[in-house]
Amino acid sequence: DGDDDDDDLASLPTPKHHLADGDSVDFKSASGSVYKLKRTGDHYYCVCPAWRNQSAPVNARTCKHLTEYLGAEYEKARVGHVKVVPVRKGKKKPRILLAHKWEGFKDVSGWLMSEKLDGVRAYWNGKELLSRLGNAFPAPDWFIKHLPSDMHLDGELFVGRGKFNETVSIVKTSGSKRWKSVTFQIFDSNCDDEEATFENRHESLVLWRESFTDPDANHLVALKHSLVRDNNQVEKELNHVVEVLGGEGVMLRHKDGKYVDARSDKLLKAKRFYDAEAEVIGYKDGKGRHKGKMGALEVKMECGKKFYLGSGFSDAQRSKPPKVGAIVTYKFQELTPDGIPRFASFIGERLDMDKPKDYIPKKKK
């Protein structure tokens, strides 16, 4: 919670200027340029290129504007107390099972259903918690100490429904007590066993999780699954998750599905919106209340088509938009006859992808 974030900074020297959690300020540099400074928990942000282009975790970054505003002594202590965990990019890319989309007309009676969580995919290989690209998450020791050394697990790092961007912010950083708000929602196990069915893998997951009751491990959750009677039940549950709970959708798993390093027709995802990924290639300046900020991202689809993505952003994201070259996820209702997403809205920046990926909705025959 917020008090924990204040505790992270409580032992530091008094800053030159106090910036409360969630507040921002326009800082005028010696050259006359104005930069937005913002605090979120134990993270301090600046919109300047020097801050944005750093590879360090967010709570280990600083710049001359933050240093001048907060004071050199405070910034040196704040950044210096963060334990930075080196990230080995792409060296141990895990095998990841991916889903096709359920369009509503494939019969899934007898399948197993769970909520589709709006989190960050994470794979435990017995030693490390990895992203889809093989980058190690800087998770605290207490977060991973109960995870098994002899079992591979697949799941989502999850803070809550509608909190994808908050989740991304936390799991990119180390040394922050904000990890206490993160759970590891595990939906698959024994992922290195190419012959085991999902039904058997899930039974192993449940047995493992029930084997210990340490309250310090409550952040490790075996995601619940229910048996599907018919497609109408899926539609009803999908409506409940999306419209009542504010969730993203549901996942459907065939009992006999094997864990393969590919998209499988034994694993389906059902959502009310389609989603896809695009590469940021530029910006459009904001107007009106967004003057001086990003108005829209110019993005390029996998197929090469370009469009402007202008909705779904918070004020903070417009002040500090994703960098050119970043991969972002957006949702949309349908494609225009020219193949451009209609009613596209920004969801978040992807940590686990380095290329855009289109989605072409299928039509019911």
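Each remark here, short or long, concerns the structure printed above.
First, a word on scope: everything that follows refers to the structure included in this document. (Residues numbered from 1 in each chain as written. Predicted model: local features only at pLDDT ≥ 70, side-chain atom pairs only at ≥ 80, totals over all residues. Heavy atoms only, no water.)

Remarks on the overall build of the protein
Phase 1 of the analysis: A tally of helices and strands in the protein yields nine helices and 20 strands.
Phase 2 of the analysis: For the protein, the spread of C-alpha atoms along the principal axes amounts to about 65 × 55 × 40 Å.
Phase 3 of the analysis: Put simply, the protein has 365 residues, and 50% of those count as buried.
Phase 4 of the analysis: On the protein, roughly 18,300 Å² of surface is accessible, and the fraction owed to carbon and sulfur atoms is 48%. (Helix = DSSP H or I, 4+ residues; strand = E, 2+ residues; numbered from the N terminus. Buried < 20%, exposed > 50% of the residue type's maximum accessible area, 1.4 Å probe, protein only. Areas by Shrake-Rupley, 256 points an atom, 1.4 Å probe, with all protein chains shown as cover.)

Brief notes about the sheet that holds strand E3 (residues 43-46)
Phase 1 of the analysis: Judged by pairing direction, the sheet is antiparallel, and its three strands sit side by side in the order E1-E2-E3 without closing on themselves. In the strand order of this sheet, the two ends are held by strand E1 (24-28) and E3, each with one partner. The sheet shows a mean angle of 25° between the axes of neighbouring strands, direction not considered.
Phase 2 of the analysis: Alignment of strand E2 (residues 34-40) against E3, held across four bridges, turns out to be antiparallel. Each bridged residue has a counterpart across the sheet, and for Leu 37 the counterpart in E3 is Cys 46. (Pairing = 2+ DSSP bridges. Axes fitted to C-alpha atoms, helices over the stretch in contact; angles between N-to-C directions.)

Looking at the packing of aromatic side chains
Phase 1 of the analysis: Under the counting rule described, the total for this entry stands at eleven aromatic pairs.
Phase 2 of the analysis: Ring centres 5.4 Å apart and planes at 35° place the aromatic pair Tyr 274 and Tyr 359 in the tilted group. Note that Tyr 274 is positioned in strand E14 (residues 274-285) and Tyr 359 in the segment after strand E20 (345-349), a separation of 85 residues in sequence.
Phase 3 of the analysis: What makes Tyr 359 buried here is its relative accessible area of 14%.
Phase 4 of the analysis: Where Phe 307 meets Tyr 330, the ring centres are 5.3 Å apart and the plane angle is 75°; that geometry is what we call edge-to-face. Here Phe 307, found in strand E16 (residues 306-309), pairs with Tyr 330, found in strand E17 (residues 327-332); they are 23 residues apart in sequence, far enough to count as distant. (Phe/Tyr/Trp six-rings, centres within 6.5 Å; stacked < 30°, edge-to-face > 60°.)

Notes on the sheet that holds E17
Phase 1 of the analysis: Here we have five strands laid out as an open sheet, ordered E16-E15-E14-E17-E20, and antiparallel in their pairing. Two strands in the sheet have a free side with no partner beyond their single neighbour: E16 and E20. Strand-to-strand twist in this sheet, taken as the mean axis angle between neighbours without regard to direction, amounts to 45°.

Overview of empty space enclosed by the protein
Phase 1 of the analysis: Counting across every chain of the model gives two cavities of 30 Å³ or more.
Phase 2 of the analysis: In this structure, the largest cavity occupies an estimated 60 Å³ of space.
Phase 3 of the analysis: Taken together, Leu 97, Asp 188, Phe 198, Arg 201, Arg 253, His 254, Gly 257, Lys 258, Ser 264, Lys 266 and Leu 267 make up the full set of residues lining the largest cavity.
Phase 4 of the analysis: Contributions of two or more residues to the lining of the largest cavity are made by helix H7 (198-210) and strand E13 (263-271).
Phase 5 of the analysis: Counting residues per element, the lining of the largest cavity draws most heavily on E13, at three residues. (1 Å grid on protein atoms, 1.4 Å probe; cavity = no way out; pocket = protein on both sides within 12 Å on 5 of 7 lines; lining within 4 Å. Points joined across faces, edges and corners; volume = space filled by probe spheres on them.)

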